[in-house]
Amino acid sequence: MDRREQILSAALGAFAEKGFAAATIEDVRALSGASTGSIYHHFGDKEGLAAHIYVGGLRDYQEAFLARLRRAPDAEQAVKGLVRQHLTWIERNAELARFIFGRRETEVMAAVEEPMRELNRELFSEAAARLDPWFADGSLRRLPLDVFNSLLIGPGQEFARAWLGGRTKTSIASARRSLAEAAWAALRGEGV
């Protein structure tokens, strides 16, 4: 792991342990072994650290999401696979998922607004292009993309938030199949 990755990992650990507001550059320095100057050189300040973590995590999540969509041979496998991918990524990256999907500090959100907009634009553009043939042939219900996405990811996201907060009795692995089936039932078109 290179120095930048060590600092980012330490920052995520400090934010997870203390919360963004309470974590300090000194906490990151102590966890990473990097000098304070090195941290400031690479990331500028605490908000810069948080922005790098947020954007990097969002990019990783979206790349995995699109990779799953690209492999889907049909609409059913796309929908079910995307729900499973969403939950699997969260399970494998729980600390990062808590940071990305958890509370959003104004300072961090201001720093990530433009890169997040660009990532989302690319994600939604490719997703729409890949889903469009299945909308056209009736395999998927034709809905506005934001409504489609809410039905696709919303229930899984709500479960994941509860799981990340330790408020579920069911594991993500156990919930994955049911949530994927529910998304397919909500989104399959008349042509299926």
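Residues numbered from 1 in each chain as written. Predicted model: local features only at pLDDT ≥ 70, side-chain atom pairs only at ≥ 80, totals over all residues. Heavy atoms only, no water.

Asker: Help me out: how do you make sense of the packing of helix α4 (residues 46–71) against helix α5 (residues 75–92) in this one?
Answerer: Each packed pair of helices is defined by two parameters, the angle between the axes and the distance between the axes. Look at α4 against α5: their axes get within 9 Å of each other, and the N-to-C directions meet at 150°. Considering their axes alone, α4 and α5 lie roughly antiparallel with respect to each other. Where α4 crosses over α5, the handedness of that crossing is right-handed. Within the contact between the two elements, α4 uses Gly57, Asp60, Tyr61, Ala64, Phe65, Arg68 and Leu69 and α5 uses Ala78, Gly81, Leu82, Arg84, Gln85, His86 and Trp89. Its residues assigned to classes, the contact of α4 with α5 shows 7 nonpolar, 4 polar and 3 charged. (Axes fitted to C-alpha atoms, helices over the stretch in contact; angles between N-to-C directions. Helix = DSSP H or I, 4+ residues; strand = E, 2+ residues; numbered from the N terminus. Parallel < 35°, antiparallel > 145°, perpendicular 65-115°, else oblique. Left-handed = near helix turned anticlockwise from the far one by under 90°. Contact = heavy atoms within 4.5 Å. Nonpolar A, V, L, I, M, F, W, Y, C, P; charged D, E, K, R; others polar.)

Asker: Which parts of the structure should I look at to understand the pattern of salt bridges?
Answerer: Opposite charge on two side chains makes pairing possible when the charged atoms of those side chains draw close. Enumeration according to the criterion identifies 11 salt bridges in this entry. Residue Glu26 pairs with Arg29 through a salt bridge whose shortest N-O separation is 2.7 Å. Of the two residues, Glu26 and Arg29 are both situated in helix α2 (residues 25–32); the distance of 3 residues between them amounts to about one turn of the helix. The class of Glu26 is partly exposed, set by a relative accessible area of 41%. Given a relative accessible area of 28%, Arg29 falls into the partly exposed group. Beyond isolated ion pairs, a larger network of salt bridges with shared partners links Arg70, Glu126 and Arg130. (Salt bridge = Lys/Arg side-chain N within 4 Å of Asp/Glu carboxyl O. Buried < 20%, exposed > 50% of the residue type's maximum accessible area, 1.4 Å probe, protein only.)

Asker: Would you explain α5 in this entry?
Answerer: Residues that lie three or four places apart on an α-helix share one face, since the helix turns once every 3.6 residues. The first and last C-alpha atoms of α5 sit 25 Å apart over 18 residues, in line with the 26 Å expected at 1.5 Å per residue. Most of α5 sits inside the fold, with 13 of its 18 residues counted as buried. Two to three positions downstream of the cap, the backbone nitrogen of Glu76 sits 3.2 Å from a side-chain oxygen, assigning the N-cap of α5 to Asp74. (Expected span 1.5 Å × (residues − 1). Polar contact = N/O pair within 3.5 Å; in protein donor to acceptor, adjacent residues only side chain to side chain.)

Asker: Even after reading the chapter, I still don't get the packing of aromatic side chains, so can you show me in this structure?
Answerer: For any two aromatic rings, the description comes down to two numbers: the centre-to-centre distance and the angle of the planes. Evaluated as defined, the whole model comprises 8 aromatic pairs. Here the aromatic rings of Trp89 and Phe101 are separated by 6.4 Å at their centres, their planes lie at 80°, and the arrangement is edge-to-face. With Trp89 in helix α5 and Phe101 in helix α6 (residues 94–101), the pair connects residues that are 12 residues apart, well separated along the chain. Each member of the pair, Trp89 as well as Phe101, is classed as buried. Connected via pairs of aromatic rings, a cluster forms that spans Phe15, Phe20, Tyr54 and Phe99. (Phe/Tyr/Trp six-rings, centres within 6.5 Å; stacked < 30°, edge-to-face > 60°.)

Asker: Would you take a moment to explain the environment of Leu145 for this structure?
Answerer: By secondary structure assignment, the location of Leu145 is in helix α8 (residues 145–164). Residue contacts for Leu145: discarding those within four places in its chain leaves Phe124, Ala128 and Leu131.

Asker: Explanation requested: α8 in the structure shown.
Answerer: Here α8 is 20 residues long and its end C-alpha atoms lie 26 Å apart, about the 28 Å a rise of 1.5 Å per residue gives. Along α8, the largest kink reaches about 45° and is centred on Ile153; proline Pro155 follows within four residues of it. Restricting attention to buried positions, one finds in α8 the residues Phe148, Leu152, Ile153, Gly156, Gln157, Phe159, Ala160, Ala162 and Leu164. Positive backbone phi, at 70°, marks Gly166, one or two positions downstream of α8. (Bend = angle between axes of the 7 residues up to and from the residue.)

Asker: So what exactly am I meant to see when it comes to the side chain of Gln85 here?
Answerer: Among the secondary structure elements, Gln85 is positioned in helix α5. Excluding anything up to four places from it in sequence, Gln85 contacts Ala64, Phe65 and Arg68.

Asker: I would appreciate a short explanation of the side chain of Arg176 in the present structure.
Answerer: Tracing the backbone shows Arg176 in helix α9 (residues 172–187). According to the relative accessible area criterion, Arg176 is buried, its value standing at 15%. If we ignore the near neighbours within four places in the chain, the residues touching Arg176 are Arg84, Leu87, Thr88 and Glu91.

Asker: Looking at this structure, I do not really get the nonpolar core. What am I missing?
Answerer: The nonpolar side chains of a soluble globular protein tend to be buried, and buried together. Residues Phe15, Leu49, Leu140, Phe148 and Leu152 are the most contacted members of the largest nonpolar core, which totals 65 residues. Ignoring sequence-local partners within four residues, the contact set of Leu140 consists of Ala75, Val79, Leu131, Trp134, Phe135, Phe148, Trp184, Leu187, Arg188 and Gly189. (Core = buried A, V, L, I, M, F, W, Y, C linked by side-chain atoms within 4.5 Å.)

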